Amino acid sequence: MKILKIEFENINSLKGKHEIDFTKVPFTVSSLFAITGPTGSGKSTILDVISLALFNMVPRLGKISKNDIINKGALLTRNQKEAFAKVTYQAKKGIYASEWSISTNRNNNLRDYEMFLYDLATGKPLDYKKSDVPSKNEELIGLSYNQFIKSVLLAQGDFAQFLKAKKDERGELLEKITGTGIYRQVGIKVYQKFKKVNAEIEDRQREINVLQKDLLEEEVLQELTTALTQKSGMCEPLEKETRELERLKELKKNISSQQEQIAAQEKLQLNASQNLIDFEKEKGEKLKQHEQVQGFAEDLRKWQNLDAGCREIKEELARHAGDVEKNRKGISQCLENISRFLKNEPATEEIESSLQAFSRNVRKLQQQRDEKLSHYRNLQERFDLELREVPFKLNGDLKAEELKLQEMKTAGENRLQELQDQLKEIDLQNVETEKIRLRELLQQGRKAQQEWVAIENLSAEIERATKEEKELLGQVANLPQEVASAKKEMQTLQKDVENLQLRKENELLKASLEQHRHNLKNGEPCPLCGSTEHPYATHLPAKNNTLQEELLKLKKELSAMERQVTSRETSLAHHQKRIGELQLLIQENRSKVEAQKRHFEEVFLKINPAGKDWEEFCNSSEKKISLLDEFEKQNRKLNAIKTGLPILTEIQNVLVEGKKIKRELDGLYSGKDIDTDCLELQNSWTSLQHQQNSLTSQGKDLNQKLTNKTAELKTLEKLLHPSISEAGCKDISEALQRLLPETEYSQLNRKREELTSQKGQIEASLKTLKTQLEELQQKDLPQNEENLLKQLQETKAQLTSLNEECEELRRKLRNDKERRAQIAAIEEDLKEVKGKIKRWELLNQLVGDATGKKFNDFAQDLSLSQLLILANRRLQDLSDRYRIDKPLEDEDDSLVAIDEHMGGQRRSVKTLSGGETFLLSLSMALALSDLASRNVEINSLFIDEGFGTLDPETLDQTLDTLEKLQAESSKTIGIISHVDSLKERIATQIRLSRNGQGYSSLEVIG
């Protein structure tokens, strides 16, 4: 994965649009660059832009949402309404651009953020929701967000803290840095799982213990079984005796109940007799009188109905007379309305035919009016349809509009003639064919224009590449000689250093023989060289005290020369690689230009043989197409006007005829619906006529009914006279007074029969009860009820006591049996459960605990070992003095630095200087990048801060290592720092500066 370009606008203090293109100069010349600027100028903002555009996350804030920007004031530059971040990167599958943006609406409220992912091979956005873009970037890059910020964006602070931390703190930091907290979670989950499944076993085992405490011993169990058998045998005779006593008790109870029922029935018999006597006193006479006239009751009721009918007919005749008068007035009013409607007074027998004739005449005129109106509208629609392309509408004054249309016709003919003069070269009889031809020419012209621009762009690219190649060749020409010369000088320096080192060792050796020198005696052989003369035994030669200073000076010169050689070799390799790329690009582009020029001449010169400017050629074709379109439009308008003029004349004629018909219709009828109005008048007249005939017929019928009913009434009176006298009544009215309503008589008669029946039923029931009482008394014993109840209670008490004792014995035996069954079932279940959790028990022993520390410590120890191996490889490039190792049991908890210059002495990293700590933490950061990107090629690195702690020599050595890393791997490496010496050493810089308004500016120099 390699970052090719960073673009952003209004992010944090960096107001406005900014672009950093790593595919252009100066980054193509030197891929090691510095991001410099004072504290707070926005150096880390560039890293925020990268992670924001790819993952919608920022290292200091985490995942970004609209609310985070509003509440925390993050990312969006103060007083700005929109922001975006875009990163173009190269992955295994191609080149992609990921974009994040946010803006405000017209109410200055912040919209939600948007994310897009573009495939630059097609230039089109990929179809993903904004929430899916980070995961797609992760898939294309091959790194998650956490892996990315540890592999590409390297911060030194975490590792400096990590080096000096105690073991427990180091585990937590390593877990945080490597993102391996999953191991702690696994340990906790294993512990919780085992605790959960084992808790079930412990609970079940406790159940068994509780149940076993309550089990009966075998002797007690046998005693309870024997006692239950004995007591069950004693219950049977007592139960038999109890049933017999219960039967005698029930018998005495029934006798007592029977006696009570007899007493109650006797009381009811007395009440029933009294009720019958009372009824006869109150209603007997009334029923007797009714039964005297009951024989001719039908005739009496018939006479009563006839008399009422005569009265009703007389009342109806009075109402009839009023209806006749009302009908007469209605007929008179209806005749008046019809005369007013027809504007004449028709004869009574001709009213219907007059209304129908009037309706037909009005409908005819209305139809003529509607036809004219329809014709007018059709002509108007036809006129509008014909003139749909002409900006002309009928507004009322048809004469004036006709003149206006004539003027438009004249103007259209003149414009058409002008267009014909301008299009003399065009075949105006085949306009469509000509337009197709011109469009094809225009399309070819545009294509030719595009291809010519592409040829010019390629030529410009060749020129730029040639210029860059020439500059690089000039730089490379002297580099091999400079490298050879520097190497030769370095070899000389190395020899000088070796000589001085040897002299120093001899001096040290001489100093170590001081004691032996004092023991030398003249004439005796030296134990080291065998000489018998010892000139320096007492007088030593003078020491060279400047030897150490000279050695240090030479070593510094040698180190500087080594850095110079490394720098020049790196530059030479980089420039040679770039020259090869440029030569290949120039060759490829020249071939493309030649092929494109040949294709251009073959395809496009024939359509523009005069060599006219292609823009002018296209504009000319466009103008001709536009004129042809206008010619067609003007021609259609003119034809439409010519067609519309006769239609306008016809509209005027139809309008005159329609107005004449309307005047005639308005003079005859002003209503809305002639058929409805005529029908209403006709129905009203017909209804009144029918009502008059009906009233005449009703009057005759009513008079006839009255005559008939009066005769029938008199006949019935003669018939009833003998019956009335026989019943002892004076007249019909008295007979009617005696006659009860049929319902009332039925109720009274039924009441009398019920009372009589009730009395008979009570007497029969009383007789039956007395017979039953005699039978029960014969079965009874002489023993009184009190003694019987006492005996029954004593027997029941004995039986209850025995039953309770038996039930208690059964309960104890039953409970013991159930407990034994429960214990057996639980033990069976536990066998299966213990087999299943065996693996969890083993896992818990190996990796499980409540905090997850056991497994996490093991995993972090493995991660630390791997990280230290990779870190020492990187540290070897930075310094040959130190190696990093884990502490031994008797050492301090912090990591250990092994000092190779001091014979492998182990030192706590807490004793290191700031510069030494930086070198170790940088090696750790690079190692983590190697670890996190083991399966992904990372070609972009950003190293944040820490260089201010280095002395000039170590800083140079560190930069040499980074240059070597960049040259070997073709990585783009950015160093973020505010150290001034970096500005002199690294020519390519992204320089940030602050202004007085709280904003910062960005400049690329190199």
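Bear in mind the structure is a predicted one, so any value in this text is a computation, not a measurement.

Caption draft 1: Summary view of the overall build of the chain. Each helix and strand counted, the chain has 25 helices and 17 strands in total. Classification of the 1006 residues of the chain by burial places 37% in the buried group. For the chain, restricting intrachain contacts to residue pairs at least 6 apart in sequence, the fraction spanning at least 24 positions comes to 73%. Looking at the chain as shown, the accessible area adds up to about 60700 Å², and 48% of this sits on carbon and sulfur atoms.

Caption draft 2: Summary view of the packing of helix α9 (residues 297-342) against helix α17 (residues 674-726). Running from amino to carboxyl end, α9 crosses α17 at an angle of 160°, the nearest separation of the two axes being 7 Å. Relative to α17, the element α9 is oriented roughly antiparallel. In the crossing of α9 with α17, the sense of the turn from one axis to the other is left-handed. Considering only residue class, the contact of α9 with α17 consists of 23 nonpolar, 14 polar and eleven charged.

Caption draft 3: Broad picture of a nonpolar patch on the surface. Taken together, the side chains of I182, Y183 and V186 define a hydrophobic patch exposed on the protein surface, amounting to about 240 Å² of accessible area. Within the fold, Y183 resides in helix α7 (residues 182-213).

Caption draft 4: Highlighting the pairing of strand β15 (residues 972-976). Most of β15 is tucked away: five of the five residues are buried. Neither face of β15 is open: one carries T972, G974 and I976, the other I973 and I975, and all of them are buried. Of the pairings in the sheet, the one linking strand β3 (residues 32-36) to β15 comprises four bridges and is parallel in character. When the bridges of β15 are listed, F33 appears paired with G974. Alignment of strand β14 (residues 940-944) against β15, held across five bridges, turns out to be parallel. Following the sheet pairing, I943 is matched in β15 by I975.

Caption draft 5: Spatial organisation of the packing of aromatic side chains. Taken as a whole and assessed by the stated rule, the structure comprises eight aromatic pairs. Centroid distance F33 to F942: 6.1 Å. Interplanar angle 75°. Geometry classified as edge-to-face. One end of the pair, F33, is in strand β3; the other, F942, is in strand β14, with 909 residues separating them in the sequence. Assigned by exposure class, F33 and F942 land together as buried. By the ring-pair criterion, three or more aromatic residues cluster together here, those being F22, F27, F33 and F942. If you follow K86 out to its NZ or CZ, it ends over the ring of Y118, 5.3 Å from the centre. For the cation-ring pair, K130 lies above Y113, with the distance from its terminal atom to the ring centre recorded as 4.6 Å.

Caption draft 6: Region of interest: the sheet that holds strand β13 (residues 905-908). Strand order in the open sheet formed by three strands is β11-β12-β13, with antiparallel pairing between adjacent strands. In this open sheet, the two strands that pair with only one neighbour each are β11 (882-885) and β13. Mean inter-strand twist for the sheet, computed between neighbouring axes without regard to direction, equals 35°. Pairing analysis gives four bridges linking β11 to strand β12 (residues 896-899), with the strands arranged antiparallel. Bridged to D885 within β12 is V896.

Caption draft 7: Up close: the pattern of salt bridges. This model, assessed by the stated rule, comprises 22 salt bridges. A salt bridge links E657 to K372, with the nearest nitrogen and oxygen atoms 2.3 Å apart. Highlighted residues: E657 in helix α16 (residues 614-668) and K372 in helix α10 (residues 351-386), separated in sequence by 285 residues. The closest approach of N and O atoms between R578 and E468, which form a salt bridge, is 3.0 Å. Here R578, found in helix α15 (residues 547-604), pairs with E468, found in helix α12 (residues 431-477); they are 110 residues apart in sequence, far enough to count as distant. Exposure remark for R578: the relative accessible area of 18% places this residue in the buried category. Judged by its relative accessible area of 12%, E468 falls in the buried class. Among the charged side chains, a salt-bridge network with shared partners connects K93, K136 and E139.

Caption draft 8: Region of interest: the environment of Q80. With respect to the helices, strands and loops of the structure, Q80 is situated in the loop between α2 (66-72) and β6 (82-91). Judged by relative accessible area, Q80 falls into the partly exposed class, the value being 21%. Linking Q80 and T104, residues 24 residues apart in sequence, is a C-alpha distance of 9.1 Å. If we ignore the near neighbours within four places in the chain, the residues touching Q80 are N10, K15 and Y999.

Caption draft 9: Region of interest: the UniProt feature "coiled-coil region" (unreviewed entry) in the chain. Here, the residues flagged by UniProt with the feature "coiled-coil region" (unreviewed entry) are residues 238-268, 348-519 and 745-843. Along residues 238-268 one finds 100% helix and 0% strand; the C-alpha atoms at either end are 45 Å apart.

Definitions and limits used
- Residues numbered from 1 in each chain as written.
- Predicted model: local features only at pLDDT ≥ 70, side-chain atom pairs only at ≥ 80, totals over all residues.
- Heavy atoms only, no water.
- Helix = DSSP H or I, 4+ residues; strand = E, 2+ residues; numbered from the N terminus.
- Buried < 20%, exposed > 50% of the residue type's maximum accessible area, 1.4 Å probe, protein only.
- Contact = heavy atoms within 4.5 Å.
- Areas by Shrake-Rupley, 256 points an atom, 1.4 Å probe, with all protein chains shown as cover.
- Axes fitted to C-alpha atoms, helices over the stretch in contact; angles between N-to-C directions.
- Parallel < 35°, antiparallel > 145°, perpendicular 65-115°, else oblique.
- Left-handed = near helix turned anticlockwise from the far one by under 90°.
- Nonpolar A, V, L, I, M, F, W, Y, C, P; charged D, E, K, R; others polar.
- Patch = residues over 30% accessible without salt bridge, like charges linked within 9 Å, V, L, I, M, F, W, Y side chains within 5 Å.
- Salt bridge = Lys/Arg side-chain N within 4 Å of Asp/Glu carboxyl O.
- Pairing = 2+ DSSP bridges.
- Phe/Tyr/Trp six-rings, centres within 6.5 Å; stacked < 30°, edge-to-face > 60°.
- Lys NZ or Arg CZ within 6 Å of the ring centre and 35° of its normal.
- UniProt positions renumbered as here; feature names shortened; annotations may be inferred.

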